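# A look at the structure
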Amino acid sequence: MTRGPVGAVVLFLGVGIGIPDDEARAETSNAGRTPKVTLTRTVTRRWRCPVRRSPSRRRPLSPPKPPKPPKPKGPPTTVGGDSEYLVEEEMRAGTYRTAGPGDSFGCYWERARNSSGEFDAVIANGNLGGSGRVTVNNGEIFKSTGCQDWKKAG
């Protein structure tokens, strides 16, 4: 026997409307055809997660990662080892490092107030036999001869 809401509807239709027998059908000639009742049963299944976790074991959602900042525009942060640069126009101010000499003759670097070549314009200089670091400031001239590339370290 059908159970639940579907069974209640069938019971209501069968008892409430009534199913005429052959004699009643013959007596009511103008009643027309008897309606045919069709029952449809819908099956609903619940989806169950195969692994259940208690609320205390749920991992919190991590916030979205911020987008990468755009590369800064302006002077480069890596410069060649054989040239002269005006700081903040041709290279950024900061601390640069080099792996050392690019050839066997050594690596010379110089910080100067201007590009005059005068001895009084030199702020600091040095010869490197190995790796080294130099900090340059805005407005200075940085000269390098015989060195590998200088890369900004800070």
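Here we summarise the structure given alongside this text. If you're wondering where the values come from, they're calculated on a predicted model, not measured in any experiment.

### Focus: the overall build of the protein
Within the protein, the secondary structure is distributed over 2 helices and 8 strands. In the protein, the succession of helices and strands from N to C terminus is α-α-β-β-β-β-β-β-β-β. Looking at the 154 residues of the protein, the share that counts as buried comes to 20%. Here the analysis covers contacts within the protein between residues at least 6 apart in sequence; of these, 69% occur between residues at least 24 apart. Roughly 13,000 Å² of accessible area belongs to the protein as shown, and the carbon and sulfur atoms make up 53% of that amount.

### Comments concerning the sheet that holds strand β4 (residues 107–112)
Taken in spatial order, the 4 strands make up an open sheet running β2-β7-β4-β5, and their pairing is antiparallel. Single-partner strands in this sheet number two, and they are β2 (83–86) and β5 (122–128). Ignoring which end each strand starts from, the neighbouring axes of this sheet average 10 degrees apart. As paired elements, β4 and strand β7 (residues 141–145) share 5 bridges and run antiparallel to each other. Paired with Trp109 across the two strands is Ser144, which belongs to β7.

### Digging into unusual backbone geometry
Its identity is not glycine, yet Glu88 carries a phi of approximately 75 degrees, on the positive side. As for its placement among the helices and strands, Glu88 is situated in the loop between β2 and β3 (94–98).

### A look at the nonpolar core
Counting residues in each nonpolar core, the largest one holds 13 residues, and the members touching the most others are Met91, Trp109, Val134, Val136, Phe142 and Trp150. For this core, the secondary structure elements donating two or more residues are β4 and β6 (132–136). Beyond its immediate chain neighbours, meaning those up to four positions away, Trp109 contacts Ala124, Asn125, Gly126, Leu128, Val134, Phe142, Lys143, Ser144 and Trp150.

### Quick word on the state of the cysteines
Applying the stated criterion across every chain yields a total of 1 disulfide. Paired by a disulfide, Cys107 and Cys147 hold their sulfur atoms 1.7 Å apart. What sets the handedness of the Cys107 and Cys147 disulfide is the S-S torsion sign, and at about 90 degrees it is right-handed. Of this pair, Cys107 sits in strand β4 while Cys147 sits in the loop between β7 and β8 (150–152), and the two are 40 residues apart along the sequence. Residue Cys107 is classed as buried on the basis of its relative accessible area, which comes to 1%.

Calculation notes
Residues numbered from 1 in each chain as written. Predicted model: local features only at pLDDT ≥ 70, side-chain atom pairs only at ≥ 80, totals over all residues. Heavy atoms only, no water. Helix = DSSP H or I, 4+ residues; strand = E, 2+ residues; numbered from the N terminus. Buried < 20%, exposed > 50% of the residue type's maximum accessible area, 1.4 Å probe, protein only. Contact = heavy atoms within 4.5 Å. Areas by Shrake-Rupley, 256 points an atom, 1.4 Å probe, with all protein chains shown as cover. Pairing = 2+ DSSP bridges. Axes fitted to C-alpha atoms, helices over the stretch in contact; angles between N-to-C directions. Core = buried A, V, L, I, M, F, W, Y, C linked by side-chain atoms within 4.5 Å. Disulfide = S-S within 2.5 Å.

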